[in-house]
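Results of the structural survey
Each chain, letter by letter, is given below.
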Amino acid sequence: MGIFDKFKSGFKKSASAFTSGLRDIVVKKEIDDKTLDRIEEYLIQSDVGVIAASEIKEIISDSKIDPKKDITEEISVILKEYIVSLMKPLENNSFFQKKEKINATLVSGVNGVGKTTTIGKISKILKANGNKVMLAASDTFRAAAIEQLENWANKVEVEITKSSQGADPASVAYKAIEDAIANNFTQVLIDTAGRLQNKKNLMEEYKKIANVTKKIDPEAPHDVILVLDATSGQNVINQVEEFNKIIPITGLIMTKLDGTAKGGILLAVAKKYKLPIIALGLGEKEDDLQIFEAEKFADAFTQIN
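Residues numbered from 1 in each chain as written. Predicted model: local features only at pLDDT ≥ 70, side-chain atom pairs only at ≥ 80, totals over all residues. Heavy atoms only, no water.

It is worth spelling out the overall build of the protein chain at this point. A tally of regular secondary structure across the protein chain gives 12 helices and 8 strands. For a compact globule of 305 residues, the expected C-alpha radius of gyration is about 19 Å, and the protein chain comes in at 21 Å, within 12% of that figure. Each of the three principal axes of the protein chain carries a C-alpha extent, and together these read 65 × 40 × 30 Å. As displayed, the protein chain offers around 13500 Å² of accessible surface, 48% of which is attributable to carbon and sulfur atoms. Positive and negative side-chain charges in the protein chain, numbering 42 and 44 respectively, have mean positions lying 2 Å apart. (Helix = DSSP H or I, 4+ residues; strand = E, 2+ residues; numbered from the N terminus. Rg over C-alpha atoms; globule rule 2.2 N^0.38 Å. Areas by Shrake-Rupley, 256 points an atom, 1.4 Å probe, with all protein chains shown as cover. Lys, Arg positive; Asp, Glu negative; His and termini not counted. Charge placed at Lys NZ, Arg CZ, Asp CG, Glu CD.)

Laid out in structure tokens, this is it:
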């Protein structure tokens, strides 16, 4: 099974819930105003977001839908076209390409979104593309975080810079970049402690890590990736808002899309912030990371059962 097939299979829960919900709404051969309102409401309940739901409703209203065809399938086609037009400009495949000079990436997110696991998966793709990868264990707060990242480094055979639990996270990041430059590494991935976006002291520490990297390279961090958990629903909107205030986000990765029946949250985030979407996570295995492609996401989200 290829990675896209795994992705489509993993997303089945969300797609199945979505299309079956549409079938329950669209019971007539013609779509009247009442049905349009119910579709809009259902889209909002699916975490698509108010703005996107309103736009999709308007597009459906303006479309000539053949009553002889399967109405749900016709709506799914409209939705797929909407997703592609919205998300195609947000693809950023270049993130994974081979770099010619050091590229330091700060990886952030709240507790439990899967940052460390995601870093391991990213490392494997970067290495496969010819990059020399260094991990920085800057989550020195959580007891098992350093060990977990070290396990990933060993699994995908990349280097790691670490210190002891309780050490200054910024100093670990600094040393990792320093060592990477000295030894011709092209990618440094900095793991950070999970932090609630409303905890000021933790967010200040996060900012400090970014500021320290600039002492080595004024352009660092070159990328700031926010990892989001799809099962958190609308709460991810607030996470993007708050993290983006501290250090401008350059890309998003959404995990656990196989664990929710409301995968529409990615549409809501895309519509509101228009930030690059780097990849999507679908499990714990090292190959369960799909580089984001709008058409493949749209296919998976709108697949008809």
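What follows picks up the thread again.
What follows deals with empty space enclosed by the protein. Applying the stated criterion to the full structure yields 1 cavity of 30 Å³ or more. Size it by volume and the largest cavity reaches roughly 30 Å³. If you go around the largest cavity, the residues you meet are Phe18, Leu22, Ile39, Leu43, Ile56, Ile60, Ile75 and Leu79. For the lining of the largest cavity, the secondary-structure elements that each account for two or more residues are α2 (12-25), α3 (33-45), α4 (50-62) and α5 (71-87). Within the lining of the largest cavity, the residues separate by chemical class into 8 nonpolar, no polar and no charged. (1 Å grid on protein atoms, 1.4 Å probe; cavity = no way out; pocket = protein on both sides within 12 Å on 5 of 7 lines; lining within 4 Å. Points joined across faces, edges and corners; volume = space filled by probe spheres on them. Nonpolar A, V, L, I, M, F, W, Y, C, P; charged D, E, K, R; others polar.)

Attention now goes to the packing of helix α9 (residues 200-213) against helix α10 (residues 235-246). Geometry of a packed helix pair, given as the angle between the helix axes and the separation of the axes. Where α9 contacts α10, the two axes come as close as 10 Å, and the packing angle between them is 50°. Taken together, the axis directions place α9 and α10 in an arrangement best described as oblique. For the pair α9 and α10, the sense of crossing is right-handed. Between α9 and α10, the contacting residues are Met203, Tyr206 and Lys207 on the first element and Glu242, Phe243 and Ile246 on the second. Its residues assigned to classes, the contact of α9 with α10 shows 4 nonpolar, no polar and 2 charged. (Axes fitted to C-alpha atoms, helices over the stretch in contact; angles between N-to-C directions. Parallel < 35°, antiparallel > 145°, perpendicular 65-115°, else oblique. Left-handed = near helix turned anticlockwise from the far one by under 90°. Contact = heavy atoms within 4.5 Å.)

Take the pattern of salt bridges next. Inspection of every chain in the model, using the stated rule, returns 17 salt bridges. Its salt-bridge partner being Asp70, residue Arg23 comes within 3.1 Å of it at the nearest N-O pair. Taken together, the residues Arg23 in helix α2 and Asp70 in the loop between α4 and α5 connect sequence positions 47 residues apart. Overall, Asp70 belongs to the partly exposed group, its relative accessible area being 30%. With a shortest N-O distance of 3.5 Å, Lys88 and Glu91 are connected by a salt bridge. (Salt bridge = Lys/Arg side-chain N within 4 Å of Asp/Glu carboxyl O. Buried < 20%, exposed > 50% of the residue type's maximum accessible area, 1.4 Å probe, protein only.)

Let's shift gears to the nonpolar core. Met87, Phe96, Val188, Val240, Met254 and Phe297 are the most contacted members of the largest nonpolar core, which totals 98 residues. For this core, the element with the highest residue contribution is α5, accounting for 9 residues. Contact partners of Val240, with chain neighbours within four places excluded, come to Leu226, Leu228, Ile249, Leu252, Val269, Tyr273 and Leu275. (Core = buried A, V, L, I, M, F, W, Y, C linked by side-chain atoms within 4.5 Å.)

Glancing now at the environment of Gly263. Within the secondary structure, Gly263 sits in the loop between β6 (251-255) and α11 (265-273). Judged by relative accessible area, Gly263 falls into the buried class, the value being 0%.

With that out of the way, let us pick up unusual backbone geometry. With an omega dihedral of -10°, the bond running from Ala220 to Pro221 counts as a cis peptide bond. Residue position: Pro221 is located in the loop between α9 and β5 (223-229). Despite not being glycine, Asn184 shows a phi value in the positive range, around 60°. Looking at the element boundaries, Asn184 is found in the loop between α8 (169-182) and β4 (187-192). Overall, Asn184 belongs to the exposed group, its relative accessible area being 62%. You will see that Lys256, though not glycine, has its phi angle at about 60°, which is positive. Inspection of the secondary structure assignment puts Lys256 in the loop between β6 and α11. Given a relative accessible area of 29%, Lys256 falls into the partly exposed group.

With that settled, consider the side chain of Thr116. Along the chain, Thr116 turns up in helix α6 (residues 115-128). A polar contact is formed between the side chain of Thr116 and the side chain of Asp191, at a distance of 2.9 Å. What Thr116 contacts, discounting residues up to four positions off in sequence, is Arg142, Gln148, Leu149, Trp152 and Asp191. (Polar contact = N/O pair within 3.5 Å; in protein donor to acceptor, adjacent residues only side chain to side chain.)

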